[in-house]
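Next come the chains, spelled out residue by residue.
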Amino acid sequence: MLEAFNFRVILEYMPLFLKCFMATLWLSGAGLLGSLMAGTLACAMRISNSRALSGAASVYIESIRSTPLLAQIYFFYFGLPSLGIRMTEEMTGVIALTLNSGAYTAEILRAGFQSIPFGQVEAGVSSGLNYFQRMRYIILPQALGVTIPPMLGQAIVLVKDSALLSLISITELTRAGQIMTSERFMPAEGFLTTAVFYLIIYFVLKSIAGWSEKRLIFREGR
Amino acid sequence: MIIFREVHKWFGKLHVLNDINLEVGAGEVLVLCGPSGSGKSTLIRCINRLEPIQKGELIVDGMKVHDHRTNMRKLRAEIGFVFQQFNLYPHMTALQNVALAPTKVRKTSKREAMDLGRQVLGKVGLGDKIDSYPAQLSGGQQQRVAIARGLCMRPKIMLFDEPTSALDPEMINEVLEVMKDLAGEGMTMVVVTHEMGFAREVAHRVAIMDMGQVIEIAPPEEFFSNPKNERTRLFLSKILRH
Amino acid sequence: MWTYYLTELAHSLPFFLKGLWMTIAVSGISLAGGTAIGFAWGILRTRKNRFIDHLIGAWVDLIRGTPFLVQVFIVFFILPEAGVHLEAFPAAVLALTNLGACFICEIVAAGIRSVPWGQKEAATASGLTELQQLRYVVMPQAMKTILPPLVGQYVLLIKDSSVVSAIGVMDVTRAGWLTVQRVPQGLLVFGLVGILYFIICYPLIHLSNFLERKMGGGTTSF
């Protein structure tokens, strides 16, 4: 099989792959940003004292966690037009990724907040700090330390999840592989190149995760 | 029984055992002491090859421990090891803990192993705790179960690595009593400990290690009243203060 | 209009249930196979042989660093070039089993490493063989750390099984995809798909949480 591996064709398609590589990056990035916003909102609702808000957030989170991303993507892709909402596939894709990742992000943030010992808050209160000051100087810095590693994990998950967007005709890395398969009947060259690109992103993100963990351990040591 | 001949061991660059020459005869009780980091724990752990040696010869019960072709399983069945941290199996009762090795290694029948287990646990004073789990036992009781676990294999040698160091003071004696009885019965024992009272009463010889070497070894009367080495004197003065 | 769609949907219910059965079949076989292989790999990873550890580790990294969809395409499209022709169902099971094995391998290895080192030493000192140590001393204790994330992983695999619909396996997601071509009500159709997955996944998620509490806590986030 390997003798027939056609590197020339890969080079020929490299512009397409690079374009799709960028598309994957920006789709995942948009999803990550969106999920941070959605997740923060959902988390705030979840830990609020209002039963209605907390309940609504729970319903959202549990529905997302108990259903597959692909079904959610199809839900929006096929469902939004029937409500009269027309948008590009990319927008639909980003919305699906945002809402999916947002639920997991909400749980990550919630775990982060709850991991801060209550004694710290009490210490803040007794020194006279107000709510915002306590947030800014005591709670948020520590919450950040606890949440950055799993958030990097979420980033990795988002990149892999974005591959499913190829199934609703979005031009990204996996689609590049599909195009090479259908145009040139070379699935090996197509999908293995796709795999290599994903692995590059994966190892870069993993290194960042490793590096940030070292820095964070340093901080706790003080 | 146990012969160390020009034994060396390194942990990376650290020369943790430096030219050890030591012999322990059958039925002898050797107490090993010294400051922390002296290598005494490492030395005793080499005897049943929990730690391998890099140079020299180590012969236990006629078998060459330094030779990696030696069947250590057979040899380990003849050696009982008691750890500082007890290391009892938390998911098994005391009886199951002591009966596991006899059934699996010596292939004794379960019933025989259980009977033996009950007997030995009774001997260490825990006859009424045979169905208790480690979490339900005090430190002293757990360590006695650990000793029983070693004894159920009917070993030729019993090794003790700081058996009382992890115990609250009031429980140290119950463990030492069991060890004294064992010594009285003629068991070959090597004990790493700081309990000098035990050494004085029961040891045939006391050895002190420092920086990977055995710097002095003598019968207790000589060792405690007339140490020859300056470092021995220093060490004794520090620990015999109380 | 709506009644038409609802009745059409009701008529399609048997079709969906067949799809559900297919989802259960694909997931079930893959879970069983993945668990068996995953345990074997996990145990192998924790032994003294560094080479095997790194070999399995490299494979696991490869699988964790690429999207499952791409892996499915590779099995379905590229293996035929190497002479292995698989139909959709076996290809799906192969890919999903492999995915499961890789993740379960990591869970098992972590569980084994969580057993205090002294336990292994005590077992060694009594003369037990490696297999006996594993069976009587290490694994019983490791299972406490393994069980909750293991059940969580099962949920993830059931959700990932939706991806195999892309190569034509007639599971619940594919049933939805085919139905929505005739009944263009994406919200209803994929709402139904979601409910079907929810029925399976939601109880399992709570089983995992329950196990986590019962086994003494730790962090499981998925």
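Residues numbered from 1 in each chain as written. Chains lettered and ligands numbered in written order. Predicted model: local features only at pLDDT ≥ 70, side-chain atom pairs only at ≥ 80, totals over all residues. Heavy atoms only, no water.

It is not clear to me how the overall build of chain B should be interpreted in this structure. Could you clarify?
Across its full length, chain B carries nine helices and 10 strands. For 242 residues, the compact-globule estimate of 2.2 N^0.38 gives 18 Å, and the C-alpha radius of gyration of chain B, at 18 Å, lies within 12% of that figure. Per-residue burial over chain B gives 56% buried out of 242 residues. Counting only contacts in chain B whose residues sit at least 6 apart along the sequence, the fraction spanning at least 24 positions is 64%. Accessible surface, chain B: about 11000 Å² in total, of which carbon and sulfur atoms supply 48%. Each charge class in chain B can be summarised by its mean position, and for the 32 positive and 28 negative side chains these summaries are 7 Å apart. (Helix = DSSP H or I, 4+ residues; strand = E, 2+ residues; numbered from the N terminus. Rg over C-alpha atoms; globule rule 2.2 N^0.38 Å. Buried < 20%, exposed > 50% of the residue type's maximum accessible area, 1.4 Å probe, protein only. Contact = heavy atoms within 4.5 Å. Areas by Shrake-Rupley, 256 points an atom, 1.4 Å probe, with all protein chains shown as cover. Lys, Arg positive; Asp, Glu negative; His and termini not counted. Charge placed at Lys NZ, Arg CZ, Asp CG, Glu CD.)

Help me out: how do you make sense of the interface of chain B and chain C in this one?
By a frequent convention, interface size equals the accessible area lost on bringing the separate parts together. The interface is formed by 22 residues belonging to chain B together with 16 residues belonging to chain C. Looking only at chain B, the three residues that lose the most surface to chain C are B:Tyr89, B:His91 and B:Lys104, adding up to 31% of its buried area. Summed over the shared surface of chain B and chain C, the number is one salt bridge. As a salt-bridge pair, C:Glu121 and B:Arg45 come within 2.6 Å of each other at their nearest N and O atoms. The interface formed by chain B and chain C holds eight residue pairs in polar contact (both at pLDDT 80 or more) in total. Going through the elements one at a time, helix H2 (72–77), strand E6 (79–82) and helix H3 (94–104) of chain B are the ones with two or more residues in the side of chain B that touches chain C. (Buried area = accessible area lost by both parts, 1.4 Å probe. Salt bridge = Lys/Arg side-chain N within 4 Å of Asp/Glu carboxyl O. Polar contact = N/O pair within 3.5 Å; in protein donor to acceptor, adjacent residues only side chain to side chain.)

I keep staring at the arrangement of the chains and nothing clicks. Help me out?
In this assembly two pairs of chains touch, with chains A and C having more contacts than any other pair. The two units chain A and chain B never meet; even their closest C-alpha atoms stay 25 Å apart.

Looking at this structure, I do not really get the confidence of the model for chain B. What am I missing?
Reading predicted coordinates in detail is not appropriate for stretches of low pLDDT. On average, residues of chain B score 91 in pLDDT, and 99% of them are at 70 or above. Both scores are given for the predicted complex: the pTM is 0.85, the ipTM 0.89. (pLDDT = per-residue confidence, 0-100.)

Even after reading the chapter, I still don't get the environment of C:Ala175, so can you show me in this structure?
With respect to the helices and strands, the residue C:Ala175 is situated in helix H7 (residues 172–182). Each residue touching C:Ala175, except ones within four places of it in the same chain, is listed here: C:Phe15 and C:Phe16.

Even after reading the chapter, I still don't get helix H9 (residues 230–239) of chain B, so can you show me in this structure?
Along an α-helix, a turn takes 3.6 residues, which lines up residues three or four apart on a common side. Residue and element names in this part refer to chain B. Within H9, burial applies to Thr232, Phe235 and Leu236. Taken around the axis of H9, the buried residues stretch over an arc of 100°, which confines them to a single face. Those residues of H9 that are exposed and angled more than 90 degrees off the buried face are Glu230 and Lys238. In this structure, the buried residues of H9 make contact with strand E3 (29–33), strand E9 (205–210), strand E10 (213–218) and helix H8 (220–225). The backbone nitrogen of Arg231 lies 2.9 Å from a side-chain oxygen of the residue at the head of H9, namely Asn229. (Arc of directions from axis to C-beta.)

Explain the sheet that holds strand E8 (residues 188–192) of chain B to me, please; I cannot follow it from the model alone.
The strands that make up a sheet are held in pairs by hydrogen bonds between backbone atoms, and each pair lies either parallel or antiparallel. All names here are of chain B. Across the sheet, which stays open at both edges, the six strands sit in the order E6-E7-E8-E3-E9-E10 with mixed pairing between neighbours. On the outer flanks of this sheet lie E6 and E10, each paired with one strand and no other. Across the sheet, the mean angle separating the axes of adjacent strands is 15° when strand polarity is ignored. Pairing analysis gives five bridges linking E9 to E10, with the strands arranged antiparallel. Note that in E10 the partner of Ile208 across the bridge is Glu216. Contacts from helix H1 (residues 40–47) reach E3, E6, strand E7 (157–161), E8 and E9 within the one sheet, and its direction differs from that of E7 by about 150°. (Pairing = 2+ DSSP bridges. Axes fitted to C-alpha atoms, helices over the stretch in contact; angles between N-to-C directions.)

What is the right way to read the pairing of E8(B) from this model?
The side chains of a regular strand alternate between both faces of the sheet. All names here are of chain B. Taken across its five residues, E8 has five buried, putting it largely inside the fold. Neither face of E8 is exposed, since Thr188, Val190 and Val192 on one face and Met189 and Val191 on the opposite face are all buried. Looking at chain direction, E3 and E8 are connected through four bridges and run parallel. Bridge pairing in E8 links Val29 to Met189. Where E7 lies against E8, five bridges are found, and the strand directions are parallel. Bridge pairing in E8 links Phe160 to Val191. Tracing the backbone out of E7, into helix H6 (residues 169–184) and back to the parallel element E8 gives a crossover that is right-handed. (Right-handed = clockwise from strand over helix to strand, strands pointing away.)

Could you clarify how one ought to interpret the nonpolar core in this entry?
Across soluble globular proteins, nonpolar side chains have a tendency to be buried as a group. Judged by nonpolar contacts, the single largest core of 71 residues is most densely connected at C:Phe16, C:Phe68 and C:Ile146. No other element matches the 13 residues that helix H4 (residues 88–113) of chain C contributes to this core. When neighbours within four sequence positions are excluded, C:Phe68 is seen to be in contact with C:Ala95, C:Leu96, C:Leu99, C:Asp160, C:Val163 and C:Val164. Counting 49 residues, the second-largest nonpolar core is a separate cluster that includes B:Leu88, B:Val124, B:Val178 and B:Ile208. (Core = buried A, V, L, I, M, F, W, Y, C linked by side-chain atoms within 4.5 Å.)

So what exactly am I meant to see when it comes to the confidence of the model for chain A here?
With 95% of its residues at a pLDDT of 70 or more, chain A has an overall mean of 86. For the stretch residues 218–222 of chain A, pLDDT sits under 50, and the model shows one contact to residues farther than four places along the chain or on other chains.

Looking at this structure, how should I read the interface of chain C and chain A?
Taken together, the contacts link 40 residues of chain C with 36 residues of chain A. Joining chain C to chain A, the criterion identifies one salt bridge. The tally of links from chain C across to chain A stands at five residue pairs in polar contact (both at pLDDT 80 or more). Counting only elements with at least two residues in the side of chain C that touches chain A, the list comes to helix H2 (50–64), helix H3 (68–78), H7 and helix H8 (186–214) of chain C. Sorting elements by how many residues they give to the side of chain C that touches chain A places H8(C) first, with 13 residues. Each residue belonging to the side of chain C that touches chain A can be placed in one class, and the counts come to 24 nonpolar, 12 polar and four charged. (Nonpolar A, V, L, I, M, F, W, Y, C, P; charged D, E, K, R; others polar.)

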